[in-house]
Amino acid sequence: MERKILIQTIDQLSHTDKDTITLFASIFQLKQLEKNQQLSCQQPEDRSIYYHLDGLLHLYQKNKRPQHTPIKTKINTLDIYQPNQFFTLPHTTPSTIQLKAIRPSQLLVAKYYKIQQLMKENSNIFDILAILQEQWQQQQNERIALLTTTPAKKRYQVLTQTLGTHLYHIPKYLLASYLAISRKQLQRIIYQQLFTEKT
């Protein structure tokens, strides 16, 4: 069932033939994360492609701060993943970037070395990877544009549209970090939006 969803998603993104898509999907393995369970960015030999099936995930980096600093200010939110997204985890040494489940989540995981083996059998696999790379790049460009050219209030509005009801499961300090604003500023924006909706 999980691979069927994966096949359908790739089929919508790519013009690759169905046999190649099915072959590519066959190497993905199901991984489940409980709420608050973390996944550290892996060693180079363990690098993988992830497809988010269900739940809500938070990619973050631990910032080096003084010990007396409150823990919640030590987090730099890099991304928030919702279902039907492909992603990879950046490798850092030592590992300062981690993936955490905000809600119980299911992932499909394919290791790069298995993908490389498949490409020797079927060169059309490269077309799928190219499409996924293009999608990742587009998502990054959109986020950079959002953070650098859009006022804070508009950023929050865009995020509410993107995340929908998932938004209510994300702690405010993570939202503030993701939007590159303070928690106080985020709270002000939320109050302003609620007041606007009531009038």
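Quantities reported herein were computed from a predicted structural model and do not represent experimental measurements. (Residues numbered from 1 in each chain as written. Predicted model: local features only at pLDDT ≥ 70, side-chain atom pairs only at ≥ 80, totals over all residues. Heavy atoms only, no water.)

**Student:** Account for helix 2 (residues 18-25), naming residues and giving values.
**Tutor:** Taken as a whole, helix 2 has its buried residues at Thr20, Ile21, Phe24 and Ala25. Looking down the long axis of helix 2, one finds its buried residues gathered within 135° of arc, a one-sided arrangement. Among the structural elements, helix 1 (2-13), helix 3 (112-121) and helix 4 (125-149) are those in contact with the buried residues of helix 2. (Buried < 20%, exposed > 50% of the residue type's maximum accessible area, 1.4 Å probe, protein only. Helix = DSSP H or I, 4+ residues; strand = E, 2+ residues; numbered from the N terminus. Arc of directions from axis to C-beta. Contact = heavy atoms within 4.5 Å.)

**Student:** Kindly report on the packing of aromatic side chains, identifying the contributing residues and their values.
**Tutor:** Enumeration according to the criterion identifies four aromatic pairs in this entry. Note on phenylalanine 24 and phenylalanine 28: the rings are 5.3 Å apart at their centroids and 70° apart in plane angle, and the pair reads as edge-to-face. For phenylalanine 28, a relative accessible area of 0% translates into the label buried. Centroid distance tyrosine 51 to phenylalanine 86: 4.7 Å. Interplanar angle 45°. Geometry classified as tilted. In this pair, tyrosine 51 is assigned in strand 3 (residues 48-62) and phenylalanine 86 in strand 5 (residues 85-88), connecting sequence segments 35 residues apart. (Phe/Tyr/Trp six-rings, centres within 6.5 Å; stacked < 30°, edge-to-face > 60°.)

**Student:** A description of the packing of helix 2 against helix 4 should follow, citing residues and the corresponding values.
**Tutor:** Two elements in contact, helix 2 and helix 4, have axes whose closest approach is 9 Å; the angle formed by their N-to-C orientations is 75°. Comparing the axis directions of helix 2 and helix 4 gives the class roughly perpendicular. Where helix 2 approaches helix 4, its residues Thr20, Ile21 and Phe24 are matched on the opposing element by Ile125, Ile128, Leu129 and Leu132. Looking at the contact of helix 2 with helix 4 residue by residue, the classes come out as six nonpolar, one polar and no charged. (Axes fitted to C-alpha atoms, helices over the stretch in contact; angles between N-to-C directions. Parallel < 35°, antiparallel > 145°, perpendicular 65-115°, else oblique. Nonpolar A, V, L, I, M, F, W, Y, C, P; charged D, E, K, R; others polar.)

**Student:** Which residues make up unusual backbone geometry, and what values do they have?
**Tutor:** The backbone of asparagine 36 shows a phi angle near 75°, a positive value even though the residue is not glycine. If you trace the backbone, asparagine 36 turns up in the loop between strand 1 (29-33) and strand 2 (38-40). If you check the backbone angles, alanine 180 has positive phi at about 60° while not being a glycine. Assessed through its relative accessible area of 56%, alanine 180 is described here as exposed.

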